[in-house]
Amino acid sequence: MSCSKIFSGDLPELIYEIIEYFQNDYSTLHSCILVNKLWCRSAIPLLWENPFSIPTGNYNFIEIYLHYLNDDLKSKLNEYKIIGPLLTTNTLFNYPSFIRYLNIRKINSSIEMWLKADDINLNMDLVFEFINFINMSLIKLFIENEVNLHTLELEIYYNPCIEDILDIILQNPNFISNNIRNLKLSSNESDDSLIKYRVKKIINSNQNLKKSILQGMNNLVEVFERLNVLESVHIIYCYSLDGFIQQIIKLTKPFKLKSLFLRIMGLQIESLELLLQKSGNYLENFGYYNDLSSDQQLLQLINYCKNIRSFYLDSRIKDDIISLIFSLIENIKQNLNYLSINLSNYEDNEYSNIKSILQNLGQTLPSKLEYLSLVLRIKENDIEIFLKNSQDNFFNKLVIENKKQEDDNYIDILPYIKEYVMKKRRVKYLAIKNTLIRGCVKREVDLFDLKDEVKEFKLHNIKVLSYIRLSIDIYRFFNEIDELFNCYKY
């Protein structure tokens with residue numbers, strides 16, 4: 001009886017909650033549209049809240065948006081004499097009003113793909129003019145519809161009409177100040193100071209931001225002091241830290257540093273220590289990507305951050321820090337949930353360090369991890385030791401890339417994976433790839449392409465995915481745990 005009521009539309013609140021569960025499952029949402037009018041009205045807003053990021057390859061939604069342009073913009077659009085027949089004449093909903101997430105760079109790229117997909121030919125001199133016109137027209141359309149925007153991403157160095165976009169946002173403060181909670185603003189150090197001034201005005205007008213990304217911005221103390229409800233700060237791929245830290249330690253309110261991912265040459269450990277003294281208790285996600293001269297000191301500092309749940313290591317491994325790595329993992333294993341280790345960049349005489357890590361890692365890991373990634377040059381007997389020593393561990397997602405020196409068409413570690421992982425059902429999702437790089441030649445063998453092997457793993461309830469799909473870089477990591485880049489980037 002209850003199921004029939006749901007499908008007949010007698011329980012609208014419950015129907016909406018059910019359909020909202022399929023927020024990013026676009027195929028299922030399209031099916032929901034066909035059930036009845038109520039299901040359709042519930043699914044359509046979810047399909048149109050972030051159309052520029054839907055990976056379907058269909059860009060016809062731009063034509064639907066153009067249908068809603070005001071008469072003045074439509075008149076200018078008609079001057080290009082290519083668009084009239086493409087415009088939709090009848091629509092069932094006010095689709096522009098549904099948008100909640102807006103990435104300005106993706107607007108630009110979507111327009112370009114739409115032109116290509118519809119085989120719209122323009123004189124080369126008019127292409128950029130036309131793309132910029134459509135870009136600005138869509139921004140104006142969203143402003144006119146008084147959309148309830150939750151997330152805005154402005155990547156300044158990707159957009160030739162960014163100044164006009166910033167100006168129109170500042171002229172219409174309600175566009176982002178009413179409900180927006182997540183703001184991403186990225187710029188280069190070389191960007192025009194007037195552009196950065198506009199950006200800071202936008203930030204200062206939105207004191208209720210909870211999460212934000214700012215890349216290449218200076219003089220941040222005043223900005224952070226004004227953000228009254230900022231929940232977390234994330235520093236990603238930082239190339240310059242000292243000046244930034246000197247600003248942060250002047251803050252009078254807590255600096256809730258949740259993520260710190262470093263890519264720095266000449267790191268000043270003293271500066272990092274000041275930052276961690278102020279914010280180390282908030283730190284949950286840490287990683288660094290370099291052959292740092294101060295590896296040992298850095299790992300010792302991170303040892304004092306007890307709440308780390310994601311640890312990413314991409315570096316050359318020296319004898320003097322191997323024990324520190326295991327000490328760090330041991331200290332944070334209670335909260336550790338994501339672990340990624342990339343040690344593929346080393347000399348032949350350093351392999352003993354890799355061997356030591358594999359032999360000891362299995363004994364150090366927590367009993368359960370959401371995600372484990374290993375990018376190493378792995379020898380068969382060493383992976384067997386690792387798997388034996390971690391027999392009591394469960395990995396929801398296990399990702400392995402073996403950097404090979406020999407060219408072959410088979411994944412040589414696979415028998416050990418079957419024996420110690422597959423038969424004991426120790427993972428839910430699995431991806432393995434062999435990569436050979438020799439000179440200009442790169443050759444890859446992905447387990448996902450070995451269909452008979454994939455079927456065998458499926459019999460043990462293990463889903464094999466392609467390496468590129470299951471492996472998580474830093475940006476995909478934030479997409480997975482925070483849905484978007486709802487973070488602070490410097």
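Since this is a predicted model, take the numbers as computed values, not measurements.

> It is not clear to me how the overall build of the protein chain should be interpreted in this structure. Could you clarify?
Scanning the protein chain for helices and strands turns up 22 helices and 14 strands. Evaluated residue by residue, the protein chain yields a buried proportion of 53% over its 490 residues. Pairs at least 24 residues apart make up 75% of the contacts formed inside the protein chain by residues separated by at least 6 positions. Counting every atom, the protein chain has about 23200 Å² of accessible surface; 47% of that belongs to carbon and sulfur.

> I'm lost on the state of the cysteines in this one. Help?
Covalent bonding between the sulfur atoms of two cysteines defines a disulfide. What the rule picks out here adds up to zero disulfides. Considering cysteine sulfurs only, C32 is the nearest to C40, which forms no disulfide, with 10.0 Å between them.

> I'm lost on the pattern of salt bridges in this one. Help?
Note on pairing: side chains with opposite charge can pair once their charged atoms come close. Per the counting criterion, the structure on display carries ten salt bridges. For the salt bridge of E401 with K403, the shortest nitrogen-to-oxygen distance reads 3.4 Å. E401 sits in the buried class, given a relative accessible area of 7%. Across the pair K433 and E401 runs a salt bridge whose closest N-O atoms are separated by 3.8 Å. You can see K433 sitting in strand 12 (residues 427-438) and its partner E401 sitting in strand 11 (residues 394-404), a full 32 residues away along the chain. Like K433, the residue E401 is buried in the burial classification. Shared partners join several salt bridges into a network, and the residues in it are E401, K403, K433 and E444.

> What exactly am I supposed to notice about the nonpolar core here?
Nonpolar side chains tend to gather and get buried jointly when the protein is soluble and globular. Membership of the largest hydrophobic core comes to 135 residues, with the highest contact counts inside it found for L102, L138, L152, L260, L339 and I417. By residue number, the principal contributor to this core is helix 8 (residues 124-144), which donates ten residues. Inspection of this core shows a minimum of three residues originating in each of domain 1 (1-48) and domain 2 (337-489). Sequence-distant contacts of L260, defined by excluding residues within four places in its chain, comprise I235, L272, L275, L276, L283, N285, F286 and G287. If you look at the next biggest cluster of nonpolar residues, it comprises 14 residues, including Y338, A431, Y467 and L470.

> Could you clarify how one ought to interpret the packing of aromatic side chains in this entry?
Pairs of aromatic rings are described using the distance from one ring centre to the other and the angle between the two planes. Enumeration according to the criterion identifies 14 aromatic pairs in this entry. An angle of 35° between the planes, with centres 4.4 Å apart, marks the rings of W48 and Y95 as tilted. Linking W48 in the loop between helix 4 (37-47) and helix 5 (61-66) with Y95 in the loop between helix 6 (71-78) and strand 1 (101-103), this pair joins segments that are 47 residues apart in sequence. Considered together, W48 and Y95 belong to a single accessibility category, that of buried residues. Geometrically, the ring pair formed by F52 and Y65 is stacked, given 6.1 Å between the ring centres and 25° between the ring planes. A residue pair is termed long-range when its members are at least 10 positions apart, and F52 in the loop between helix 4 and helix 5 and Y65 in helix 5 qualify at 13 residues. Judged by its relative accessible area of 7%, F52 falls in the buried class. Since its relative accessible area comes to 0%, Y65 is described here as buried. Ring pairing ties together the aromatic residues W48, F52, Y59, F61, Y65, F93, Y95, F98 and F142, which thus form one cluster. Over the ring of F448 we find K451, and its NZ or CZ is 4.2 Å from the ring centre.

Conventions adopted
Residues numbered from 1 in each chain as written. Predicted model: local features only at pLDDT ≥ 70, side-chain atom pairs only at ≥ 80, totals over all residues. Heavy atoms only, no water. Helix = DSSP H or I, 4+ residues; strand = E, 2+ residues; numbered from the N terminus. Buried < 20%, exposed > 50% of the residue type's maximum accessible area, 1.4 Å probe, protein only. Contact = heavy atoms within 4.5 Å. Areas by Shrake-Rupley, 256 points an atom, 1.4 Å probe, with all protein chains shown as cover. Disulfide = S-S within 2.5 Å. Salt bridge = Lys/Arg side-chain N within 4 Å of Asp/Glu carboxyl O. Core = buried A, V, L, I, M, F, W, Y, C linked by side-chain atoms within 4.5 Å. Domains from an automatic or database assignment. Phe/Tyr/Trp six-rings, centres within 6.5 Å; stacked < 30°, edge-to-face > 60°. Lys NZ or Arg CZ within 6 Å of the ring centre and 35° of its normal.

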